[in-house]
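Remarks on the overall topology
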Amino acid sequence: MANMKAHKLGWIGIGRMGYAMAERLAKAGCDISVWNRTRSKAEPLARSGAKVVDALTDLAGCDIVFTMVSTGKDVKEVLFGPNGVTSKGKAPKIVVDSTSISLEESAEIRKKLGEKGVKLLAAPVSGNAKVIKAGKLTVVASGPKDAFDAVAPYLEAIGQGVSYVGEGELSRIAKICHNVMLGVVIQNLCEITVLAEKAGMKRHAFLDFLNKSVMGSMFTRYKAPALANLDFHVTFTPELLRKDIDLGLSAGKTFGVPMPVTAVARDRVQALIDSGYTDQDFSTLLLLQAKNSGTELKPENVEVSDGLS
């Protein structure tokens, strides 16, 4: 087992995802210091063994600093801003960024860090806070191989595994491809679930069969309670999904890859947004599919496993 205190870690960003990820590192026994714009949100992590710091510059002496914030602009601010990590001339050896940002922003941040002698590992993740707590988060990473080798034990402590896909910003492309598949699969899952119901099946019974079959997956199991019981608490909004599908279609044009199925899924997500579902979960595509199929769904109010617990 890796020595979890081999490096001094810093963590920036304690949102729902960032909190759960940093908590797993703290509970794994890592030497970790955390910073969040609103300090009170980070303070409960002290109970798990983390140190809460007041200033970003307090993290400059760390070996590895993780960033999990909202946008590329935020990443640049916390690293290079007037009060950023590197603002007093000192810098960590490696920065690991798990924020969802564009390839262009990632490349710009990599260049700026490189000028300061810092290596960037781009490390987008797949999952949400509940997935993290279940230990099933997955990570895709790209950047210098030696940086990945140093960081891998910590990424593995956060979830169930990490994949290294090469140099530069390749992990950003991998995450875009992943989320394109998310859009296509949820649309198809909603289509066949409504088809099964209109043919006379209970949704939960159909999903139970599907999830036990070769076509079942962690994702289809995870979404089964929402589709059966119409519990659409937000894990990912339609607008965020549309953004990632658009990034995928744009990459398809850049690399000359036709993506006809993706284009249809994008149209359905746009229709969902146009129907006013902007602040709900993307799995409300089920309701749109039902409406277009001339049927109204009711919650089945049955216990359905999400496969996470």
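Whatever comes next refers back to the structure up there.
All values reported here derive from a predicted model rather than from experimental measurement.

Quick look at the overall build of the protein chain
Along the backbone of the protein chain there are 12 helices and nine strands. Against the compact-globule benchmark of 19 Å for 309 residues, the protein chain has a radius of gyration of 21 Å, which places it among compact chains. Going through the 309 residues of the protein chain one by one, you find that 50% of them count as buried. Working note: accessible area of the protein chain is about 14,600 Å², and carbon and sulfur atoms make up 55% of it. Separation between the mean location of the 39 positive side-chain charges and that of the 33 negative ones in the protein chain comes to 3 Å.

Quick notes on the packing of helix α11 (residues 260-274) against helix α12 (residues 285-292)
Between α11 and α12, whose axes approach to 10 Å, the crossing angle comes to 90°. When the axes of α11 and α12 are compared, the pair comes out roughly perpendicular. Mapping the contact onto sequence places Arg268, Val269, Ala271 and Leu272 in α11 and Leu285, Leu288 and Asn292 in α12. Taken together, the residues of the contact of α11 with α12 sort by class into five nonpolar, one polar and one charged.

So, the nonpolar core
It is characteristic of soluble globular proteins that their nonpolar side chains tend to be buried jointly. The biggest cluster of nonpolar side chains holds 39 residues, and the ones touching the most others in it are Trp11, Leu25, Ile32, Val34, Phe66, Val96 and Leu155. Put simply, the parts of the chain that give this core at least two residues each are β1 (8-12), α1 (16-27), β2 (31-35), β4 (64-67), β5 (94-97), β8 (138-142) and α6 (145-158). For leucine 25, the contacting residues outside a window of four places in its chain are Leu9, Trp11, Cys30, Ile32, Phe66, Tyr154, Ala157 and Ile158. Membership of the second largest hydrophobic core comes to 29 residues, among which are Phe232, Tyr277, Phe282 and Leu285.

Considerations on the pattern of salt bridges
Close approach of charged atoms lets side chains of opposite charge pair. Under the counting rule described, the total for this entry stands at 20 salt bridges. With a closest N to O distance of 4.0 Å, arginine 203 and glutamate 300 form a salt bridge. Of this pair, arginine 203 sits in helix α8 (residues 203-212) while glutamate 300 sits in the segment after α12, and the two are 97 residues apart along the sequence. Connected via shared salt-bridge partners are Glu23, Lys27 and Lys133.

Side note on the environment of leucine 79
Within the secondary structure, leucine 79 sits in helix α3 (residues 72-80). Leucine 79 sits in the buried class, given a relative accessible area of 1%. Along the primary structure leucine 79 and methionine 21 are separated by 58 residues, whereas in three dimensions their C-alpha atoms are 19 Å apart.

Examining the pairing of β5
Neither face of β5 is exposed, since Ile94 and Val96 on one face and Val95 and Asp97 on the opposite face are all buried. Both β4 and β5 contribute to a ladder of four bridges, which runs parallel. Pairing of valine 65 across the sheet is with valine 95, part of β5. With four bridges connecting them, β5 and strand β6 (residues 119-122) associate as parallel partners. When the bridges of β6 are listed, aspartate 97 appears paired with alanine 122.

Brief notes about the packing of aromatic side chains
Following the criterion strictly, the structure yields four aromatic pairs and no others. Seen from their ring centres, phenylalanine 236 and phenylalanine 282 are 6.0 Å apart, and the 80° between their planes marks the pair as edge-to-face. Placement of phenylalanine 236 in the loop between α9 (218-229) and α10 (238-255) and of phenylalanine 282 in the loop between α11 and α12 is noted, with a sequence separation of 46 residues between them. Aromatic rings pair up to connect Phe219, Phe236 and Phe282 into one cluster. Looking at lysine 145, its charged tip hangs above the ring of tyrosine 164, at a distance of 5.8 Å from the centre.

Scoring rules and cut-offs
Residues numbered from 1 in each chain as written. Predicted model: local features only at pLDDT ≥ 70, side-chain atom pairs only at ≥ 80, totals over all residues. Heavy atoms only, no water. Helix = DSSP H or I, 4+ residues; strand = E, 2+ residues; numbered from the N terminus. Rg over C-alpha atoms; globule rule 2.2 N^0.38 Å. Buried < 20%, exposed > 50% of the residue type's maximum accessible area, 1.4 Å probe, protein only. Areas by Shrake-Rupley, 256 points an atom, 1.4 Å probe, with all protein chains shown as cover. Lys, Arg positive; Asp, Glu negative; His and termini not counted. Charge placed at Lys NZ, Arg CZ, Asp CG, Glu CD. Axes fitted to C-alpha atoms, helices over the stretch in contact; angles between N-to-C directions. Parallel < 35°, antiparallel > 145°, perpendicular 65-115°, else oblique. Contact = heavy atoms within 4.5 Å. Nonpolar A, V, L, I, M, F, W, Y, C, P; charged D, E, K, R; others polar. Core = buried A, V, L, I, M, F, W, Y, C linked by side-chain atoms within 4.5 Å. Salt bridge = Lys/Arg side-chain N within 4 Å of Asp/Glu carboxyl O. Pairing = 2+ DSSP bridges. Phe/Tyr/Trp six-rings, centres within 6.5 Å; stacked < 30°, edge-to-face > 60°. Lys NZ or Arg CZ within 6 Å of the ring centre and 35° of its normal.

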